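What follows is the residue order along each chain.
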Amino acid sequence: MVRFLIVRTLTGLVVLWLISMSVFALFYVVPSNVARTLGGRQATPETIAAINERLGLDEPLWKQYASFVGDALQGDLGYDYYHQVPVTTIIAQAVPVTLSLAVGAAVIWLVLGITNGVISATHPRSLADRSLTAFALFFYSMPSFLLGLVLLYFLYFKLTQAGYAWFPPGGYAPLSEGVGPWVNHLLLPWATLALVSAAAYTRLTRGSMLDVLSEDYIRTARSKGISERRVTYRHALRSALTPIVTQFGIDLGQLVGGVLVTETVFSLPGLGQTAIIAITQQDLPVIIGIVLFASTAVVVANILVDLAYAVLDPRVRIS
Amino acid sequence: MTASTAGSTATPLLEARAVSKEFPAGGTSLTGRATEVLHAVDRVDLEVFPGETVGLVGETGCGKSTLARCLARLYDVTAGEVWFDGRDVTHLSRREMRPLRRDIQVIFQDPYGSLNPRRRVGSIIGDAFAIHDLEKGAARKARVQELMELVGLNPEHYNRFPADFSGGQRQRIGVARALALRPRMIICDEPVSALDVSIQAQVLNLLIDLQDELGLTYLFITHDLSVVRHVSNRIAVMYLGRVVEQGTVEDIFDGARHPYTKALLSALPTPDPDVADSREHVVLSGDLPSAVDPPSGCHFHPRCPRARADCHEQQPPLEPVDGDPVDHTTACWHPLAHGESLTSAVPGLGIPAPEEGEP
Amino acid sequence: MSDPIMSAPTMSDIATTGHVPRTIEGRGPWRLAWLRLKKDKVAIWSLVVIGLLVLVAIFAPFFAWLTGHPPNVQYRETGLTPDGLPVGPSSTFWFGTDDLGRDVLVRVAYGARVSLGVGVLATMLTVVVGVVVGLAAGFFGGLVDMVLARLIDVVLSIPFLLVAVALVSITGPSLLVTIVVIGFFSWASMARIVRGQVLSVKEREYVEAARSLGAGDLRIMFIDVLPNVMAPIIVYTTLLVPVVIVAQATLSFLGLGVEAPTADWGGMISTAQRYYRTAWWFIAFPGSALLITTLAFNLFGDGVRDALDPRVDRLIGR
């Protein structure tokens, strides 16, 4: 177990190192016009040279990379080009928003997806199964930005027009202002992010449960007179969870993308919206900071998922 | 039993010289090296002379299929040499092996696994021609259909898929594929053990007929002694990666020296009920030990009813027992005398009682 | 299928009868899958819808001709209200107009070109790269596999959309960049699936048989291994198309899709989000077009999966 953890962590570090190289290459090497962008159209060659020197862009590449990594390791991701705010501060401000959105949505989609999947699998071909499967397919095919807009149109705009102003059009209320406003502002974003993924998990759970329920040991358990409920939840679901955990690990990377879109649609000031703004402004330190931060988060979360996997399925530990 | 036993003066067509094959086993350490080694084949010498059939017999897991794959150069050997037609082929590269592939072919055990399910039979059998750039177009098709005839398949089924055939028919496809290049040597890796007993005889007879017709040399691998008796001139018995006894069919069946050979023979079904009743049944106790950590000395000692203290210490050499012909060799410190029965040899040495209705 | 093949004639039989042997076609695994697929009504209807969408994309100019409204012409007089807002569906503008007074119907039709074009091209890129990498990793094993498997892990750990958006912002939006970026980040899952399949297929005896006949690596890879891992590749490919289409639309929605006047669904919805209170049609029509497209591909992909192998779904997960 300890060895598994070590190997996995080393792999994660290699992954992070490679990502840092790629990010560096993409944003420092490819565009040679950072200074030009910063200096504006009327920049004189002297201004550009000065900017290059200030940003260290005149150093040899390997030196730039070394100082980039060195600083990043010390928690220094640089300052944004426009307001000279430390990138770490910008990220720190945005993280609670994104975390609220992502964790809430993940909980909703896992609960919803697994429950629906179990219902479908335990009553195959029933009306419930068919409608849940159809629902799942519908939401699975739905781009999240479209779902967000549809929810905004009906649940915010139409309801408010009809005199029921239950939902805000967007924005964020921190937990410090109370749980009520916090939840209220996040309900539609959560739904947007969760429904699309819940659909995928319904399909996954259904397939995986159907497989497990047809196995011999489940039949044996039934023939021993163990109650159906106990068979389903105690015996079958545990085995069926393994592929779901795997998928969850893979989806963590996708979650970042979903967050980006959802935050844009509902104007939530999280990492996603911050990144999009930074991108439109070509604010490189912020872009790199957020990409690195998000990648690290995904890698760490993946290690945690692998650990959960090893707990669920002891065979993994051997390989 | 088609060809006469070759004289010892002839050059072997296929020869293993102290061949060993090890596999990494167990987990890998942090540095990526295997923590344990499985000794699948351990310094085996074997000669197959032109025109004869050598039967290689042993329990599942004794390394006989691994040896076959080493001899066919499907695996690289860990140590030792493989000779073909008087030439050391141990270290030939894949490219250098290509011309030799026309001379050595393999018939595989699993008629389901050995045929690509996505390809038509004609293309499977014709694969050899495609790989060696031999016949093309209509000529290739004619050759393939000729081969199908030869092995008793309907050539009209040229365009069918393996799934359309029964196990016996699939094995005939495998035979046709092996014959395509007109090889001199065919290694048959348990060619009938996956088939129904009723089909086994048909395929065996086909192999024997083909040997007559085409002058083939066979190395015939099986765990079934009755099959070997049917097809072989000489027999080598393997146990845990080593050859423990080798000789002509008569030597082995009538004058087995090694207790392991004797035990295998005693498990053979006999058509005559009187003989069956009077014959001793020896049930080997225990399972085949792990080849990762084989027993010391003679590998067979933990299961051997005749085992004594010295058997633990040193590996017995494969040599003729006094009075045996030079080509009947046995690796045993305490070989059986002629006609000696295994049970009477050393009484009270822990042989399980004969079982009624043994399978 | 238990024809009496065993009673086939021997050498001498043929010699005497001397007729030229006919050949009897076998029903291959692909043919059987197609027969199963044909029975799946939902899948066939989805295929019809996909066909119609392709026709719409190809004959987009037909809609311009039919309505008399080229896709990029702004009808400031008839196509906008006096306040400068889009006008709703009418006999002139069947799907209404957009914020610049352009015909939404014609632009939705032209948008199909972008969505399907990117969908197909980026998927092809993804499949080619994914299959080659997965095949190489699984087949050669050892160091090659170790390096490629790590590479797959790395690409899967990169937050795709974030980096894609950042990349496109550097290079500037263009269809080529979109295709390359999507392809670059999507091949890893395909490679992972192919690798796993190859690992099991390469241990089959027929691969050994090919080797004993003297076949080289390339021949074994493409003639013996690849056809036997095609089923999951095909299933994953059909399910990848809608994912790619959504990815393109999302990039467009974030303002990084195609260059300005070109019509595309994600871009239209992006602009329309500012008008969702006043001009529902501006979101509804491109949105429905997008949803119908992804639904059709997903339903078809499900059908293909069931037809090829009901158990494949566990490999793919989604």
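In the block above lies the structure referred to throughout.
Residues numbered from 1 in each chain as written. Chains lettered and ligands numbered in written order. Predicted model: local features only at pLDDT ≥ 70, side-chain atom pairs only at ≥ 80, totals over all residues. Heavy atoms only, no water.

Enquirer: Lay out the overall build of chain A with the relevant residues and their values.
Expert: Of regular secondary structure, chain A possesses 13 helices and 0 strands. Reading chain A from its N terminus to its C terminus gives the helix and strand order α-α-α-α-α-α-α-α-α-α-α-α-α. Looking at chain A as a whole, 47% of its 319 residues are labelled buried. Taking the contacts inside chain A whose residues are at least 6 apart along the sequence as the reference set, 71% of them involve residues at least 24 apart. Carbon and sulfur atoms make up 65% of the accessible area of chain A, which totals about 15,700 Å². (Helix = DSSP H or I, 4+ residues; strand = E, 2+ residues; numbered from the N terminus. Buried < 20%, exposed > 50% of the residue type's maximum accessible area, 1.4 Å probe, protein only. Contact = heavy atoms within 4.5 Å. Areas by Shrake-Rupley, 256 points an atom, 1.4 Å probe, with all protein chains shown as cover.)

Enquirer: How would you sum up the overall build of chain B? Please name residues and give values.
Expert: What chain B contains, in helices and strands, is 12 helices and 12 strands. Out of the 359 residues in chain B, the part that is buried amounts to 53%. Within chain B, contacts between residues at least 6 apart in sequence are counted, and of these 66% link residues at least 24 apart. On chain B, roughly 14,900 Å² of surface is accessible, and the fraction owed to carbon and sulfur atoms is 50%.

Enquirer: Explain the interface of chain B and chain C to me, using residue names and the numbers behind them.
Expert: Counting residues at the interface gives 46 residues for chain B and 38 residues for chain C. Between chain B and chain C the total buried area reaches about 3,900 Å² when both faces are included, carbon and sulfur atoms providing 53% of it. Looking only at chain B, the three residues that lose the most surface to chain C are R118, E149 and E156 of chain B, adding up to 20% of its buried area. Across the chain B-chain C interface, the total number found is 5 salt bridges. (Buried area = accessible area lost by both parts, 1.4 Å probe. Salt bridge = Lys/Arg side-chain N within 4 Å of Asp/Glu carboxyl O.)

Enquirer: A description of the packing of aromatic side chains should follow, citing residues and the corresponding values.
Expert: Within this structure, the stated rule accounts for 24 aromatic pairs over all chains. Site record: aromatic cluster; members linked through ring pairs are Y153, F154 and F157 of chain A together with Y276 of chain C. Its guanidinium or amino end placed over the ring of W83 of chain B, R17 of chain B lies 3.9 Å from that ring's centre, counting from NZ or CZ. Above the face of the Y158 of chain B ring, K141 of chain B is positioned so that its terminal group lies 5.1 Å from the ring centre. (Phe/Tyr/Trp six-rings, centres within 6.5 Å; stacked < 30°, edge-to-face > 60°. Lys NZ or Arg CZ within 6 Å of the ring centre and 35° of its normal.)

Enquirer: For a positive patch on the surface, give the residues involved together with the corresponding values.
Expert: Residue and element names in this part refer to chain C. Where like charges cluster on the molecular surface, the positive patch consists of R27, R31, R36, K38 and K39. Here R27 is to be found in the loop between helix 1 (11–17) and helix 2 (29–39). What makes R27 partly exposed here is its relative accessible area of 47%. (Patch = residues over 30% accessible without salt bridge, like charges linked within 9 Å, V, L, I, M, F, W, Y side chains within 5 Å. Lys, Arg positive; Asp, Glu negative; His and termini not counted. Charge placed at Lys NZ, Arg CZ, Asp CG, Glu CD.)

Enquirer: Let's hear about the sheet that holds strand 10 (residues 242–248) of chain B: which residues, and what values?
Expert: All names here are of chain B. With mixed pairing, 8 strands are arranged side by side in an open sheet as 6-7-8-3-9-10-12-11. Here the strands that pair on one side only, and so sit at the sheet edges, are strand 6 (104–107) and strand 11 (319–320). For strand 6 and strand 7 (residues 185–189), the ladder comprises 4 bridges, and the chain directions are parallel. By the bridge assignment, V106 is partnered in strand 7 with I187. With respect to the sheet, helix 7 (residues 197–214) is in contact with strand 3 (53–57), strand 6 and strand 8 (217–222), its orientation differing from that of strand 8 by roughly 160°. (Pairing = 2+ DSSP bridges. Axes fitted to C-alpha atoms, helices over the stretch in contact; angles between N-to-C directions.)

Enquirer: So, the pairing of strand 8 of chain B: which residues are in play, and what are the values?
Expert: All names here are of chain B. The buried fraction of strand 8 is high, at 6 of 6 residues. Bridge count for strand 3 against strand 8 is 5 bridges, and the pairing is parallel. Across the sheet, residue L56 finds its bridge partner in strand 8, namely I221. Both strand 7 and strand 8 contribute to a ladder of 5 bridges, which runs parallel. Bridge assignment links D189 to a residue of strand 8, and that residue is I221. Between the parallel pair strand 7 and strand 8, the chain is carried across by helix 7, and the sense of this crossover is right-handed. (Right-handed = clockwise from strand over helix to strand, strands pointing away.)

Enquirer: Provide a residue-level description of the environment of G84 of chain C, including the pertinent values.
Expert: Residues and elements named next belong to chain C. For G84, the location among the structural elements is in the loop between helix 4 (60–67) and helix 5 (104–140). Classification of G84 by relative accessible area gives partly exposed; the value is 33%. In this structure, the C-alpha to C-alpha distance between G84 and G101, residues 17 residues apart in sequence, is 8.5 Å.

Enquirer: Break down the packing of helix 7 (residues 144–161) of chain A against helix 12 (residues 280–308) of chain C for me, with residues and values.
Expert: For the pair helix 7 of chain A and helix 12 of chain C, the least separation of the axes is 11 Å and the interaxial angle reads 145°. Helix 12 of chain C is crossed by helix 7 of chain A, and the crossing has left-handed handedness. Across the interface between the two elements, F145, L146, L149 and Y153 of chain A of helix 7 of chain A pack against W280, I283, G287 and L290 of chain C of helix 12 of chain C. Classifying every residue of the contact of helix 7 of chain A with helix 12 of chain C by side-chain character gives 7 nonpolar, 1 polar and no charged. (Left-handed = near helix turned anticlockwise from the far one by under 90°. Nonpolar A, V, L, I, M, F, W, Y, C, P; charged D, E, K, R; others polar.)

Enquirer: Now, about the nonpolar core: what can you tell me, with residues and values included?
Expert: In this structure, F145 of chain A, L179 of chain B together with V165 of chain C are the most contacted members of the largest nonpolar core, which totals 220 residues. The element contributing the most residues to this core is helix 10 (residues 217–253) of chain C, with 18 residues. Each residue touching V165 of chain C, except ones within four places of it in the same chain, is listed here: L260, I276 and I279 of chain A together with L251, L254 and L256 of chain C. Within the second largest apolar cluster, 36 residues are counted, among which are L14, V19, V54 and I104 of chain B. (Core = buried A, V, L, I, M, F, W, Y, C linked by side-chain atoms within 4.5 Å.)

Enquirer: A description of a nonpolar patch on the surface should follow, citing residues and the corresponding values.
Expert: Residue and element names in this part refer to chain C. Taken together, the side chains of W45, V48, L52, V54, L55, I58, F59, F62, W65, L66 and W94 make up a nonpolar region of the molecular surface, amounting to roughly 1,200 Å² of accessible area. Looking at the nonpolar patch, the elements that each hand over two or more residues are helix 3 (41–58) and helix 4. Sort the elements by how many residues they give to the nonpolar patch and helix 3 lands first, with 6 residues. Looking at where W94 falls in the secondary structure, it is placed in the loop between helix 4 and helix 5.

Enquirer: Now, about the pattern of salt bridges: what can you tell me, with residues and values included?
Expert: Evaluated as defined, the whole model comprises 27 salt bridges over all chains. Between R219 of chain C and D127 of chain B there is a salt bridge; the shortest N-O distance is 2.4 Å. Residue R219 of chain C is located in helix 10, and its partner D127 of chain B is located in helix 4 (residues 127–131); the two belong to separate chains. Using a relative accessible area of 23% as the deciding quantity, one classes R219 of chain C as partly exposed. Look at D127 of chain B and you get buried, because its relative accessible area is 4%. Residues joined in a network through salt bridges with shared partners are R69 and D189 of chain B together with E205 and E208 of chain C.

Enquirer: Residue-level account of the pairing of strand 3 of chain B, with values.
Expert: Residues and elements named next belong to chain B. Of all the 5 residues making up strand 3, 5 are buried; the element is thus mostly covered by neighbouring parts of the structure. Here strand 3 runs beside strand 9 (residues 234–239); their pairing, made up of 4 bridges, is parallel. Its bridge partner being in strand 9, G55 is matched across the sheet by I235.

Enquirer: Can you lay out unusual backbone geometry for me, pointing to particular residues and giving the numbers?
Expert: Residues other than glycine predominantly adopt negative phi, and peptide bonds predominantly adopt the trans conformation. Residue and element names in this part refer to chain B. Of note, the phi angle at R73 is positive, near 60°, even though the residue is not glycine. Secondary-structure assignment places R73 in the loop between helix 1 (64–71) and strand 4 (79–84). You can call R73 buried: its relative accessible area is 10%. Backbone geometry at D133 places phi at a positive 55°, although glycine is not the residue there. Relative to the helices and strands, D133 resides in the loop between helix 4 and helix 5 (137–150).

Enquirer: Quick rundown of the environment of R238 of chain A? Include the residues and the values.
Expert: Residue and element names in this part refer to chain A. Take R238: it is sitting in helix 10 (residues 228–265). Among the residues examined, R238 registers a relative accessible area of 47% and is labelled partly exposed. With 29 residues separating them along the chain, R238 and M209 place their C-alpha atoms 9.5 Å apart.

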